[in-house]
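# Per-entry structural report
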Amino acid sequence: MIRKTRKINKMRGSRSIGGGCTKKRRGAGHKGGKGKAGLGKHHWTWTVKNDPNHFGKYGFKRPQKMTNKIKPVNIGYLDDNSEKLLAKGIATKEGDTIVIDVTDLGYGKVLGKGNLLKPLIIKSPAFSASAEDKIQEAGGEAIKL
């Protein structure tokens, strides 16, 4: 039977809106659960229609041992702490310049954030382009390991 108007419009003003006792339609149990509850059971029709790819695995996840995690350090940090590193014995001094091996600090790459005020010889497995430029401008040297 086709209705001219929606049933809810006719039921406006009634307490239970055609549901009998108000206690019957109370709570999430009436809906069949909250959220995604029952997608594989009693809400299966909805799942097929609206979210057919909900179940199963998709895509590829790289093994964690295959990912290469590089811990970077900025030039500004090395410039600020070069004297402290020298005092601790992590860095060495050759003539006027301080030599810092970044791998001893646990870093794998030098980035160019910050300013370099004194010439430093920095040894690292990798450098960013801006870091190399700043090291050479300050009169230092970037040595790739």
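Residues numbered from 1 in each chain as written. Predicted model: local features only at pLDDT ≥ 70, side-chain atom pairs only at ≥ 80, totals over all residues. Heavy atoms only, no water.

Just so we agree on the cut-off: UniProt positions are given in the numbering used here, feature names are shortened, and annotations may be inferred rather than shown by experiment.
As annotated in an unreviewed UniProt entry, the protein carries the name Large ribosomal subunit protein uL15 and is attributed to Methanobrevibacter arboriphilus. Regarding the protein, the UniProt comment filed under Subunit (unreviewed entry) reads as follows: "Part of the 50S ribosomal subunit." Recorded in UniProt for the protein, the comment headed Function (unreviewed entry) runs: "Binds to the 23S rRNA."

## A look at the overall build of the protein
Put simply, the rule reads: Note on conventions: DSSP H or I runs of at least 4 residues are helices, E runs of at least 2 residues are strands, and numbering of each starts at the N terminus. Values of the radius of gyration come from C-alpha atoms, whereas the globule rule sets the reference at 2.2 Å times the count of residues to the power 0.38. For each residue, the accessible area found with a 1.4 Å probe, counting protein chains only, is set against the maximum for its type, and the residue is called buried under 20%, exposed over 50%, and partly exposed in between. Any two residues whose heavy atoms approach within 4.5 Å at even a single point are treated as in contact. What sets the accessible areas is the Shrake-Rupley method with a 1.4 Å probe; for residues, cover comes only from the shown protein chains. Only four residue types enter the tally: Lys and Arg on the positive side, Asp and Glu on the negative side, with His and both chain ends excluded. Note that the charge is assigned to NZ on lysines, CZ on arginines, CG on aspartates and CD on glutamates.
Looking only at helices and strands, one finds five helices and six strands in the protein. The globule rule puts the C-alpha radius of gyration for 145 residues at 15 Å, and the 34 Å found for the protein is more than 25% above it. Overall size of the protein, expressed as C-alpha extent along the three principal axes, is 95 × 35 × 30 Å. Of all 145 residues assigned to the protein, the portion counted as buried reaches 24%. Partitioning the intrachain contacts of the protein with sequence separation of at least 6 by distance along the chain shows that 30% fall at a separation of at least 24. A total accessible area of about 11100 Å² is found for the protein, and carbon and sulfur atoms account for 52% of it. Positive and negative side-chain charges in the protein, numbering 31 and 12 respectively, have mean positions lying 40 Å apart.

## Examining the side chain of Thr47
Our working rule: What qualifies as a polar contact is a pair of N or O atoms within 3.5 Å, subject to a donor-acceptor requirement within protein and to the restriction that residues adjacent in sequence count only when both atoms come from side chains.
Along the chain, the position of Thr47 falls in helix H2 (residues 44–50). Side-chain polar atoms of Thr47 contact the backbone oxygen of His43, separated by 3.0 Å. Once residues within four sequence positions are removed from consideration, Thr47 is found in contact with Leu39, Pro52, His54 and Phe55.

## As for the nonpolar core
Among soluble globular proteins, nonpolar side chains are generally buried collectively. The test is simple: Here, the term nonpolar core denotes a set of buried Ala, Val, Leu, Ile, Met, Phe, Trp, Tyr and Cys residues that are joined through side-chain atoms within 4.5 Å.
Residues Leu78, Ile100, Val102, Val110 and Ile122 are the most contacted members of the largest nonpolar core, which totals 16 residues. Within the residue set of this core, elements represented by two or more residues are helix H3 (75–88), strand E3 (97–101), strand E5 (120–124) and helix H5 (129–137). Here the element with the most residues in this core is H3; it accounts for three residues. Setting aside anything within four residues of it in sequence, one finds Leu78 in contact with Val73, Ile100, Val102, Leu105, Val110, Leu120 and Ile122.

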